[in-house]
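Okay, here's what each chain looks like letter by letter:
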Amino acid sequence: MTAALAACGGGGGSGGTPGFGGSTGGGSVTPATYVMQLQLQTSAGVDIASNSFAASDSVKLVATLKTAAGAAVPNEVVTFAESGSGLLQFTPTVATALTNASGQAVIEAKAGALDALGATTVSATATLGTTAYAASRNMAVTGAVVAGVDPQTLAKGVNFVSAVPADKSIVIAGAGGNGRSETAILQYKVVDGSGAAVPGVRVTFEAIPANVVTLNSTTGTTDASGVVSASVSSKILPTSVVVKATVTGSALLTQSDTLTVTTGTAVPGAFDLSATKFVLNRDISGDSSTIRVAVSDANGNPVADGFPVVATTTYGRVGTSDRGGCTTVNGLCNIEYQVQNPRPLDGVRIPVVVTGQAYSAAAGTDVTISDTIYFNATSVSEGGLYRGTELVTSFGALTFDSGCKAVWTGSVGTAKGFALPAGSTVTIDSLSSVVGASVTLGSPVVDSLNARAPELSSPSTRTGVALTFTLNEARTAGSTNLLVNLKAGNFVQQFPVTLNYPACTPAT
């Protein structure tokens, strides 16, 4: 025979390479008189195509030595070796075997320990004369569970994975419904030393603090993905809780992110309505006010998102075309009211009724929660100056000071006692050079908060106004004409009044 060149292959090389010929994942050698092959088989003699095996299993390393013509070469010593990673333990420990009549040398291998995980390279070498013939194979040792091995021994870590709902918040018992959950699912994953999932591991759950929620199961077993779930249901009080997961029989544990239990059902006493403006301009179609709806539970917490309310009114319009109300976010939502036909007459209030339905766990039925907010819509065309209940057309019996100055106080509003539209302006012009006149209080007209009350303690919501008059020079008693101007937007109302003044000489 001619001298042969020794060679070794790596990893999962092609079985068709001359000088290697491995059936699955074999290495390659330089063409030679002899050919070495290396195969990985189960303990039952089945080829392992994946090049990997469990740390809890034993495998066979089968080296086959043949001539270039394919004849088996018996009675040659084959030496097996690992690349130096130290993952494997060979049987026999000397890692040598004699080829049989089929040219095969067989030894067993297994992981040195259940947590000895990773990748390595094994080679098989036979020396004929002065020439070495070799083949090598890459393989991996994993934490996969096999029959007869307790998966608890493979677990090296447990991690919190996720929660459903994703915001880790559930509502108190009895407050569930569309978009609101009273139960949370918490997921954990058990892994081996290499971070691979370990199925079949028993896990124990514990809520901290205890008894604030219902832990629907105190134990679980990881699935094929190494994941196990804990189910938690709320009780009747708001709280926060974490759920600890422990690999049963070990010190391996972790805990979930904080889970909050909050937001019960809406209660009538925590249903609140307010608005950006209460006295609107009846002359302007589209003059508007935004109604703020606030909904809380018995604990003062905002109800869960998605609580719907509906608004109705007898005058104007409220809401939008797709929704006659609004749906809460963080316990709040807004509804717009606008002036349009039908419009109320002076003295007629505008009720906007806002209603929602809340489930009562105690009663086992839906409870209607409702409140009414009131608006006034007025026009400056109906405005005037009033002293008490009397419409003022002249100012008399005023007391002028030493500077010939007098102040008149009263109110401005409508005949039925309503305030003018919020933001209206009041001015007064003197039609004579004898007297100067100005509005020193009450312009622009402030919004009348009394308009929101369901029942008025006083029949009037007119707003206060003060007018200052000054005689420009010494005068005997007399009178002069004044012009009052009420303006809201582009709408103006003017009316004359008379000022009667006494004789007065300004002090020098």
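Our structure's up above, just so we're on the same page.
Only a predicted model underlies this, so the values are computations on that prediction, with no experimental measurement involved.

Chemist: Please give an account of the overall build of the chain that cites residues and values.
Modeler: Of the regular secondary structure elements, the chain holds zero helices and 37 strands. Taking all 508 residues of the chain together, the buried fraction comes to 43%. Considering only intrachain contacts with a sequence separation of at least 6, the fraction spanning at least 24 residues in the chain is 65%.

Chemist: Which residues make up the pairing of strand β16 (residues 227–233), and what values do they have?
Modeler: Buried residues dominate β16, accounting for five of its seven residues. Taken together, the seven bridges between strand β12 (residues 183–191) and β16 define a ladder with antiparallel strand orientation. Paired with Lys-189 across the bridge in β16 is Val-227. In this sheet, β16 lies alongside strand β14 (residues 214–215) in antiparallel orientation, the contact comprising two bridges. Bridging across to β16, Thr-214 finds its partner in Ser-233.

Chemist: With reference to specific residues and values, describe the sheet that holds strand β3 (residues 58–67).
Modeler: The strand order across the open sheet built from four strands is β1-β3-β7-β5, with neighbouring strands paired in antiparallel fashion. For this open sheet the edge positions go to β1 (34–42) and β5 (88–91), each flanked by a neighbour on one side alone. Strand-to-strand, the axes of this sheet are offset by a mean angle of 30 degrees, without reference to chain direction. As paired strands, β3 and strand β7 (residues 104–111) are joined by seven bridges and run antiparallel to one another.

Chemist: Outline the pattern of salt bridges, supporting the account with residue identities and numerical values.
Modeler: Considering all chains together, one arrives at seven salt bridges under this definition. Between Lys-244 and Glu-206 there is a salt bridge, with the nearest N and O atoms lying 3.2 Å from each other. Linking Lys-244 in strand β17 (residues 239–247) with Glu-206 in strand β13 (residues 202–208), this pair joins segments that are 38 residues apart in sequence. Given the relative accessible area of 39%, Glu-206 is considered partly exposed. Note that Arg-282 is salt-bridged to Glu-382, the shortest N-O span being 2.7 Å. Of the two residues, Arg-282 is situated in the loop between β21 (279–281) and β22 (288–295) and Glu-382 in the loop between β28 (365–378) and β29 (383–387); the sequence distance between them amounts to 100 residues.

Chemist: Can you tell me about the sheet that holds β29, naming the residues and giving the values?
Modeler: Note: strands within a sheet are paired through backbone hydrogen bonds, in either parallel or antiparallel orientation. Strand order in the open sheet made by the five strands is β30-β29-β32-β35-β34, with antiparallel pairing throughout. Strand pairing shows two members of the sheet lacking a second neighbour, β30 (390–391) and β34 (435–441), which therefore form its edges. One ladder, built from two bridges, connects β29 with β30; its direction is antiparallel. By the bridge assignment, Tyr-386 is partnered in β30 with Leu-391.

Chemist: If you had to explain the pairing of strand β26 (residues 332–338) to someone new, which residues and values would you point to?
Modeler: Where β22 meets β26, seven bridges bridge the pair, whose relative direction is antiparallel. Paired with Ser-289 across the two strands is Tyr-337, which belongs to β26. Pairing geometry for strand β24 (residues 317–318) and β26, over two bridges, is antiparallel. Bridging from a neighbouring strand, Val-318 pairs with Tyr-337 of β26.

Chemist: Describe the state of the cysteines, with residues and values.
Modeler: Per the counting criterion, the structure on display carries two disulfides. The residue that forms a disulfide with Cys-326 is Cys-333, at a sulfur-sulfur distance of 2.0 Å. As the torsion about the S-S bond is roughly 45 degrees, the Cys-326-Cys-333 disulfide counts as right-handed. Per residue, the accessibility class of Cys-326 equals that of Cys-333, and both read buried. The disulfide bridge from Cys-404 ends at Cys-504, spanning 2.0 Å between sulfur atoms. Of note, the bridge from Cys-404 to Cys-504 carries an S-S torsion of about -105 degrees and is left-handed in sense. Linking Cys-404 in the loop between β31 (394–395) and β32 (405–414) with Cys-504 in the segment after β37 (491–501), this pair joins segments that are 100 residues apart in sequence. Take the cysteines of the chain that form disulfides and number them in order along the sequence; they join up as 1-2, 3-4.

Chemist: Explain unusual backbone geometry to me, using residue names and the numbers behind them.
Modeler: Geometrically, the link from Val-164 to Pro-165 is a cis peptide bond, its omega value of 10 degrees lying close to zero. With respect to the helices and strands, Pro-165 occurs in the loop between β10 (157–164) and β11 (169–171). Look at the link from Ile-208 to Pro-209: it is a cis peptide, with omega at -5 degrees. As for its placement among the helices and strands, Pro-209 is situated in the loop between β13 and β14. A positive phi angle, close to 60 degrees, is found at Asn-75, a residue other than glycine. Secondary-structure assignment places Asn-75 in the loop between β3 and β4 (77–82). Classification of Asn-75 as exposed rests on a relative accessible area of 57%. Of note in this structure, Asn-330 is not a glycine but carries a positive phi near 55 degrees. Its place among the elements puts Asn-330 in the loop between β25 (325–327) and β26. Using a relative accessible area of 51% as the deciding quantity, one classes Asn-330 as exposed.

Cut-off values and rules
- Residues numbered from 1 in each chain as written.
- Predicted model: local features only at pLDDT ≥ 70, side-chain atom pairs only at ≥ 80, totals over all residues.
- Heavy atoms only, no water.
- Helix = DSSP H or I, 4+ residues; strand = E, 2+ residues; numbered from the N terminus.
- Buried < 20%, exposed > 50% of the residue type's maximum accessible area, 1.4 Å probe, protein only.
- Contact = heavy atoms within 4.5 Å.
- Pairing = 2+ DSSP bridges.
- Axes fitted to C-alpha atoms, helices over the stretch in contact; angles between N-to-C directions.
- Salt bridge = Lys/Arg side-chain N within 4 Å of Asp/Glu carboxyl O.
- Disulfide = S-S within 2.5 Å.

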